[in-house]
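Letter by letter, the chains look like this.
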Amino acid sequence: MRISLDSVSVEWDGNVALNRVSLDLDQKNIAVIGANGSGKSTFARLLNGLVKPTSGRVLVGDTDVQADPKTAQRQAGFIFSNPDLQIIMPTVIEDVEFSLKPRKLGTTETSALARAALERFGIGGLADRRAHELSSGQKQLLALAAVSVTDPKLIIADEPTALLDLRNTQQVAEALFGLQEQQVVLVTHDLSLAARCDIAVRFEAGQLIEIGEPAEVIARYRRDYE
Amino acid sequence: MIGLYRSGDSPLHKLGPGTKLLAVLLWITVLSIWGNNPFVWASALSLAFALFMVAFGSVPLFLKNLWTLRYLVLIGLIPQLIFEGVGPAINNTARLVAGILVAILFSLTTPQSKIIDAVERAATPLGRLGIRPSTIGLSISLALRAIPMLMQFSSGIMESQRARGHKPSALTATVPLLVAALKYADDMSEALAARGVEV
Ligand SMILES: Nc1ncnc2c1ncn2[C@@H]1O[C@H](COP(=O)(O)OP(=O)(O)O)[C@@H](O)[C@H]1O
Ligand SMILES: [Mg+2]
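Computed from a predicted model, the values in this text were never measured in an experiment.

**Q** What is the right way to read empty space enclosed by the protein from this model?
**A** Here the structure, examined in full by the defined rule, presents one cavity of 30 Å³ or more. What lines the largest cavity is A:Phe78, A:Phe80, A:Gln86, A:Ala143, A:Ala146, A:Val147, B:Ala191, B:Ala194 and B:Arg195. Elements supplying a minimum of two residues to the lining of the largest cavity: α5 (136-148) of chain A together with α9 (170-194) of chain B. The element that contributes the greatest number of residues to the lining of the largest cavity is α5(A), accounting for three residues.

**Q** Any chance you could explain the sheet that holds strand β4 (residues 55-60) of chain A here in plain terms?
**A** The strands making up a sheet are joined through hydrogen bonds of the backbone, oriented either antiparallel or parallel. All names here are of chain A. Here four strands make up an open sheet; going across it, the order is β2-β1-β4-β5 and the pairing antiparallel. Only two strands of the sheet have a single partner each, and these edge strands are β2 (15-25) and β5 (63-64). When strand β1 (residues 3-12) meets β4, the two strands line up antiparallel, connected through five bridges. Across the sheet, the residue bridging to Ser 4 is Leu 59, located in β4.

**Q** What exactly am I supposed to notice about unusual backbone geometry here?
**A** Note: most residues except glycine have negative phi, and most peptide bonds are trans. All names here are of chain A. Located in the positive-phi region is Asp 151, a residue other than glycine, with phi close to 55 degrees. Relative accessible area serves as the criterion here: at 55%, Asp 151 is assigned to the exposed category. With a phi close to 50 degrees, Ala 205 is a non-glycine residue in the positive phi region. Among the residues examined, Ala 205 registers a relative accessible area of 64% and is labelled exposed.

**Q** I tried to follow the packing of helix α4 (residues 59-67) of chain B against helix α6 (residues 86-109) of chain B on my own but got confused; where do I start?
**A** To characterise two packed helices, one gives the angle between the axes of the helices and the distance between these axes. Residues and elements named next belong to chain B. Between α4 and α6, the least distance of the axes is 11 Å, while the angle of their chain directions is 120 degrees. Between α4 and α6, the angle is such that the two are oblique. Crossing of α4 over α6 shows right-handed handedness. Contact residues: Phe 62, Asn 65 and Leu 66 in α4; Val 97, Leu 101, Ile 104 and Leu 108 in α6. A class-by-class count of the residues in the contact of α4 with α6 yields six nonpolar, one polar and no charged.

**Q** I'm lost on the site of ligand 1 in this one. Help?
**A** Residues and elements named next belong to chain A. Around ligand 1 sit Trp 12, Ala 17, Ala 35, Asn 36, Gly 37, Ser 38, Gly 39, Lys 40, Ser 41 and Thr 42, and those are all the residues in its vicinity. Side-chain polar atom of Lys 40 to an oxygen atom of ligand 1: 2.8 Å apart, as the coordinates give it. In the environment of ligand 1, an oxygen atom lies 2.7 Å from a nitrogen or oxygen atom belonging to the side chain of Ser 41. Protein chains shield 57% of the accessible area of ligand 1, which is 560 Å² for the free molecule. Ranked by residues supplied to the shell around ligand 1, first place goes to helix α1 (residues 40-46) with three residues.

**Q** How do you make sense of the interface of chain B and chain A when you look at a structure like this?
**A** Size of an interface: often given as the accessible area lost when the parts come together. Residue-level contacts link 29 residues of chain B with 26 residues of chain A. Carbon and sulfur atoms supply 56% of the area that chain B and chain A bury against each other, a total of about 2200 Å² over both sides. In this structure, B:Asp117 and A:Lys101 form a salt bridge, with 4.0 Å as the shortest nitrogen-oxygen distance. Our enumeration of links across chain B and chain A arrives at seven residue pairs in polar contact (both at pLDDT 80 or more). Looking at the side of chain B that touches chain A, the elements that each hand over two or more residues are α7 (112-122), α8 (133-163) and α9 of chain B. Its residues assigned to classes, the side of chain B that touches chain A comprises 14 nonpolar, seven polar and eight charged.

Definitions and limits used
Residues numbered from 1 in each chain as written. Chains lettered and ligands numbered in written order. Predicted model: local features only at pLDDT ≥ 70, side-chain atom pairs only at ≥ 80, totals over all residues. Heavy atoms only, no water. 1 Å grid on protein atoms, 1.4 Å probe; cavity = no way out; pocket = protein on both sides within 12 Å on 5 of 7 lines; lining within 4 Å. Points joined across faces, edges and corners; volume = space filled by probe spheres on them. Helix = DSSP H or I, 4+ residues; strand = E, 2+ residues; numbered from the N terminus. Pairing = 2+ DSSP bridges. Buried < 20%, exposed > 50% of the residue type's maximum accessible area, 1.4 Å probe, protein only. Axes fitted to C-alpha atoms, helices over the stretch in contact; angles between N-to-C directions. Parallel < 35°, antiparallel > 145°, perpendicular 65-115°, else oblique. Left-handed = near helix turned anticlockwise from the far one by under 90°. Contact = heavy atoms within 4.5 Å. Nonpolar A, V, L, I, M, F, W, Y, C, P; charged D, E, K, R; others polar. Near = heavy atom within 4 Å. Polar contact = N/O pair within 3.5 Å; in protein donor to acceptor, adjacent residues only side chain to side chain. Areas by Shrake-Rupley, 256 points an atom, 1.4 Å probe, with all protein chains shown as cover. Buried area = accessible area lost by both parts, 1.4 Å probe. Salt bridge = Lys/Arg side-chain N within 4 Å of Asp/Glu carboxyl O.

On their own, these measurements won't tell you what the molecule is for.
What follows is the structure in structure tokens.
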């Protein structure tokens, strides 16, 4: 899908979180990098309507996010840094099934779809485990399963590996980069993950300062802080 | 007690949640009316044990759940021993235990989502009063989900107090716990919105 921002600003009581950002992206895996407080999360949240622009227009696919927040939400799944906050039901399978509830499918179909989603992320064996007892990496895989089970076209992940060790980071990264059906917007401080994306976007103090080949964007980002 | 579900494929697991809920209510009613009779509570306890065996076939699991009731038994038993004598104290405690064991068995054999579905179905008439049954179900899920989170927050707060050389106290933990709980509520509502939940 095409993600396009047209002169988008976001302000919080006079503080500018994003300042007249315009961009056009349609790559499969999109990295978003930049210092803390630079506006990455604000950008990510704009894409599924969790944040509303103060001015300007956000289009994701054919959807004007502000005009049609429901569609915007439905076509984009969101993964937060803290997996504990995304788990709503007590067991792993129930949490995935919870996503399907609005569809009002039969019990067998719901549970088959949920199980298939868990299998896709390699955690089918954990279906009946208590969700809050999983490791952080497994919780993120669960979040991915829970979000992707409804077939969104886009997955937005806001620092999904921030709380993970190296091994869990690898697992979650493989899962994200392995997605066949979904485009991915990956906000991350892990520059090796950013480097694996097709394009990188860099924010600094609410400004979009660079879009381009990940290797080059990352190299300049490093240079600026050395 | 809810949220303890253990998977299995016994007849008790397969029974509909509504039927089971009714059976539990009936069980508790019978015990509260006739449970003082040693014959009734002894049969009830035996039946509870038999049902555990049907569901899980594990004596240790039965004993483990019985053991979790020890404080409840003590708290109930002591004043009754003092004020009512040995006989009534034993009768009352035994019927309480028989009642709770079956309630535990219900939550062990029924996934929380099924319990909530049953509650939502039972709450359908409330829809006419403008109360959405799915909102009731979601509230229960979230309340249950919040319990381990709050426990995690409070142990984290006490730990950090200890790490900074303070004796952890309920009083000084209250404000940070409140702040953490409010932040949690905020984050949770955002996570729900991101998953397309309408309240
Ligand atoms: N809900 C909010 N209320 C007030 N200010 C906010 C809010 N969300 C973000 N901000 C501010 O907007 C700026 C950008 O934040 P954010 O997009 O979260 O940055 P990043 O994700 O890059 O760390 C920061 O200065 C932050 O303090
Ligand atoms: Mg952020």
